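# Results of the structural survey
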Amino acid sequence: MVAEEVKITDLKPLPCPNMRVLDRQKFDLVISMRAIEVPAKKCTEIIQLLNRNSSQFSQLQHKPRLVQPCDEDSSRKLILIDENQTLPIKGQEDIKERTLDIKLTYENWSASQIIRAILPPSIEDTEVVSGFEIVGHIAHLNLKECHKPYKFLIGQVILDKNPSIKTVVNKLNTIHAEYRYFDMELLAGEESFITTAIEHKLKFSMDFSKLYWNSRLGTEHKRISDLIPTGSTVLDMFCGIGPFALPLARKRCHVHANDLNPESYKYLLKNIKINKISSEYITCYNQDGRELIENFAGQIDYVLMNLPASAYEFVDVFIGLFSRDTEKRKPPVVFCYHFADIEAPVENSITAISEKLGCSITPDEVHLVRKTAPKTWMTCVKFTVPESVLYAESQSKKIKLSKN
């Protein structure tokens, strides 16, 4: 293999845009590097004098050894140096400058460098897969249409380059109609979807293929847990496997945790046991959140509605929740999550909730949680349910009563 004249700062594997089956040898590259030959016994001293640039090979996942053997003379060593390296004056009589061929292999390159080489030049650098969600031993990708012809190659590279990953999956656009989790396809590794994620010293066991979990929401889970005071009574309407409910119960809030998905409910119960959460502070339900909330009218301080695709559609459950003939009760504070247009995420979120309630709300806060797509923000609208809503006569309840 002929050595390539490549600047260290421009190191990258040769393009392989027609590859469909991973051939790791195609990423071998021999480069000519500047080196100095020095006495082996002075090697450490000379390295210190060189004041070598620590960024050399910084873009590689596994870097070549700085000190190489000298095949011609075992009493001497070869030290790789930057192309613009100034040689030390002290001890120069012992130094011989030369060129050394270094072979870089698939193992040296990072995952993003390999994937860039596999993808065609027509795909922009910004479209190269570099990040993904990690859930226990599972790498969760969200590939774009342009990546689809290369998806199994990409999956294998991710698997190769991350020793802790055993399974690589890609999220599909299809969503389970009733339980609202994404279908996925296996790209590489073991077909093993039962895993455990650790978040803020809590363990969350799950079957990742049958429920919703997002490791990128860890900061948001903690934010809400920190906001809600100890001793509060909380209804988590769409609790999943407990990322909000368990931290709140751990700090001795009284949590009513509900999820319609039987798999989420099963792992919620399991996670309560794993984390030794006292049953004094958490009660679990597996039913429709809309029906559940009516059982707690006037008893709840906070309501969490973490179903951003459709949570706003459930806020009308507050209409007429407090009947006029009951004693005055404290209105609940709601945290309602929403997917909003990036151009006006705050206004968009407020409008969606207000229209469903039938009145304008004045939120305490609209928190921008994270961008979930180029044109979408996930928001969290914190608002106190207006008394005019809570004590209004609910049309849906009138219909139910007339049927009885």
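The structure contained in this document is the topic of the report that follows. Only a predicted model underlies this, so the values are computations on that prediction, with no experimental measurement involved.

## Some words on unusual backbone geometry
Positioned with a positive phi, Lys-201 is a non-glycine residue whose angle comes to about 65°. For Lys-201, a relative accessible area of 78% gives the class exposed. Here Arg-252, not a glycine, exhibits a phi torsion of approximately 70°, which is positive. Looking at where Arg-252 falls in the secondary structure, it is placed in the loop between α5 (245-250) and β12 (254-258). On the basis of relative accessibility, which here comes to 52%, the residue Arg-252 falls in the exposed class.

## Describing the sheet that holds strand β13 (residues 282-285)
If you trace the seven strands from one edge of the open sheet to the other, you get β13-β12-β11-β14-β15-β17-β16, paired in mixed fashion. Strand pairing shows two members of the sheet lacking a second neighbour, β13 and β16 (365-373), which therefore form its edges. On average, adjacent strands in this sheet sit at an angle of 20° to one another, irrespective of strand direction. Here β12 runs beside β13; their pairing, made up of four bridges, is parallel. Its bridge partner lying in β13, Val-255 is registered against Ile-282.

## Considering the environment of Glu-190
Counting through the fold element by element, Glu-190 comes out in the loop between β8 (182-189) and β9 (194-199). For the pair Glu-190 and Val-169, spaced 21 residues apart in sequence, the C-alpha separation works out to 10.0 Å. With sequence-adjacent residues up to four places away left out, Glu-190 is seen in contact with Lys-166 and Thr-167.

## Some details on the sheet that holds strand β3 (residues 76-80)
On the basis of which strands lie adjacent, the open sheet formed by four strands has the order β2-β3-β1-β4 and antiparallel pairing. Lying at the two open borders of the sheet, with one neighbouring strand each, are β2 (67-69) and β4 (96-104). Within this sheet the neighbouring strands show an average axis-to-axis angle of 40°, counted without direction. Pairing analysis gives nine bridges linking strand β1 (residues 29-39) to β4, with the strands arranged antiparallel. When the sheet's bridge partners are listed, Glu-37 is paired in β4 with Lys-96.

## Here we look at the packing of aromatic side chains
What the rule picks out here adds up to seven aromatic pairs. Judged by centre distance (5.1 Å) and plane angle (40°), the ring pair of Phe-204 and Trp-213 falls under tilted. Neither Phe-204 nor Trp-213 differs from the other in exposure class; each is buried. Here the aromatic rings of Phe-238 and Phe-314 are separated by 5.0 Å at their centres, their planes lie at 70°, and the arrangement is edge-to-face. Here Phe-238, found in the loop between β11 (233-236) and α5, pairs with Phe-314, found in the loop between β14 (302-305) and β15 (333-341); they are 76 residues apart in sequence, far enough to count as distant. A relative accessible area of 13% places Phe-238 in the buried class. In this structure, Arg-24 is placed above the aromatic ring of Tyr-106, and the distance from its NZ or CZ to the ring centre is 5.5 Å. Just above the ring of Tyr-106 sits the side chain of Lys-161; from NZ or CZ to the centre is 4.5 Å.

Rules and cut-offs
Residues numbered from 1 in each chain as written. Predicted model: local features only at pLDDT ≥ 70, side-chain atom pairs only at ≥ 80, totals over all residues. Heavy atoms only, no water. Buried < 20%, exposed > 50% of the residue type's maximum accessible area, 1.4 Å probe, protein only. Helix = DSSP H or I, 4+ residues; strand = E, 2+ residues; numbered from the N terminus. Pairing = 2+ DSSP bridges. Axes fitted to C-alpha atoms, helices over the stretch in contact; angles between N-to-C directions. Contact = heavy atoms within 4.5 Å. Phe/Tyr/Trp six-rings, centres within 6.5 Å; stacked < 30°, edge-to-face > 60°. Lys NZ or Arg CZ within 6 Å of the ring centre and 35° of its normal.

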